[in-house]
Amino acid sequence: MLPIFKGDGNTINTATKIMLQSRFVDDSTIEVIAQDGEKFTCNTYFPTPMQDQEDYSKRLAHNFEKYFKDNIGDETGMGLHYWIWIQMNYFEGLAIAGGKGEKDNERIFLHKERVRIGTRIREIRKERNIEAKTLAQLINIDAANLSRIEQGRYSVGLDILSRISLALGTRIELVDFVNQEKA
């Protein structure tokens with residue numbers, strides 16, 4: 001069942017839920033503004049009749065909201081756009097392409113950094129012969145959360161990262177990767 005949406009009163013082809021908006025810019029371009037303000041643009045393969053645009057806007061907004069909130073891309077390793085594409089193309093009956101977001105490059109970079117840092121934590125932990133359960137107890141977090149950190153699936157705060165570093169006998173440093181890539 002779809003959540004309740006309301007139109008913005010200006011056009012028939014706009015759907016709004018809380019801070020998420022989805023609207024047809026023209027008969028084949030849909031703009032979605034996510035809860036964090038990021039804009040995504042999708043294109044339909046075929047022009048969408050005006051009478052169907054509001055319904056498809058609602059469905060697209062619902063899917064963005066659902067998959068964005070569930071953070072499905074980070075959980076599965078496949079992008080948010082992929083899941084929305086499947087939902088809209090196969091289950092909603094609207095053939096769409098695209099779904100490019102303004103912050104895609106930033107999201108990819110952050111995911112790669114989480115994986116890199118988590119992998120390094122695991123390497124150091126194993127070098128020092130510390131079991132994951134033991135490290136989790138030392139830093140006072142759940143072992144499942146430590147596992148997610150080591151897999152890069154969990155965005156860890158600076159305090160927890162500092163406790164991990166202390167327990168492993170290491171230090172957190174910011175390294176200028178621009179200069180290192182040139183070397």
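Residues numbered from 1 in each chain as written. Predicted model: local features only at pLDDT ≥ 70, side-chain atom pairs only at ≥ 80, totals over all residues. Heavy atoms only, no water.

(A) Inspection of the overall build of the protein chain at higher detail. Across its full length, the protein chain holds eight helices and five strands. Ordered by position in the sequence, the α and β elements of the protein chain form the string β-β-β-β-α-α-α-β-α-α-α-α-α. When the 183 residues of the protein chain are sorted by exposure, 34% land in the buried category. Contacts spanning at least 24 positions in sequence make up 53% of the contacts within the protein chain whose residues lie at least 6 apart. With an accessible surface of roughly 11,500 Å², the protein chain has 54% of that area assigned to carbon and sulfur atoms. (Helix = DSSP H or I, 4+ residues; strand = E, 2+ residues; numbered from the N terminus. Buried < 20%, exposed > 50% of the residue type's maximum accessible area, 1.4 Å probe, protein only. Contact = heavy atoms within 4.5 Å. Areas by Shrake-Rupley, 256 points an atom, 1.4 Å probe, with all protein chains shown as cover.)

(B) Looking closely at the pairing of strand β2 (residues 20–26). As judged from the five bridges shared by β2 and strand β3 (residues 29–33), these two strands associate in the antiparallel manner. Paired with arginine 23 across the strands is glutamate 31, a residue of β3. Two successive antiparallel strands, β2 and β3, enclose a turn made up of two residues. (Pairing = 2+ DSSP bridges.)

(C) Structural view of the pairing of β3. Among the five residues that make up β3, five are buried, leaving the element largely enclosed by the rest of the structure. Neither face of β3 is open: one carries Thr29, Glu31 and Ile33, the other Ile30 and Val32, and all of them are buried. Looking at chain direction, β3 and strand β4 (residues 39–44) are connected through five bridges and run antiparallel. If you follow glutamate 31 over to β4, its bridge partner there is threonine 41.

(D) Representation of the nonpolar core. Core analysis: the biggest nonpolar cluster contains 16 residues, and Ile30, Leu60, Phe64, Ile84, Met88 and Ile96 have the highest contact counts within it. Counting residues per element, the ones that place at least two in this core are β2, β3, β4, α1 (50–70) and α3 (80–91). With five residues, α1 is the largest single contributor of residues to this core. Those residues within four positions of isoleucine 30 in sequence are excluded, and the remaining contacts are Ser22, Arg23, Phe24, Phe40, Thr41, Cys42, Thr44, Leu60 and Leu94. In terms of nonpolar packing, the next biggest core, distinct from the first, is built from 12 residues, Ile130, Ile139, Leu161 and Leu168 among them. (Core = buried A, V, L, I, M, F, W, Y, C linked by side-chain atoms within 4.5 Å.)

Distances and angles like these do not, on their own, reveal function.
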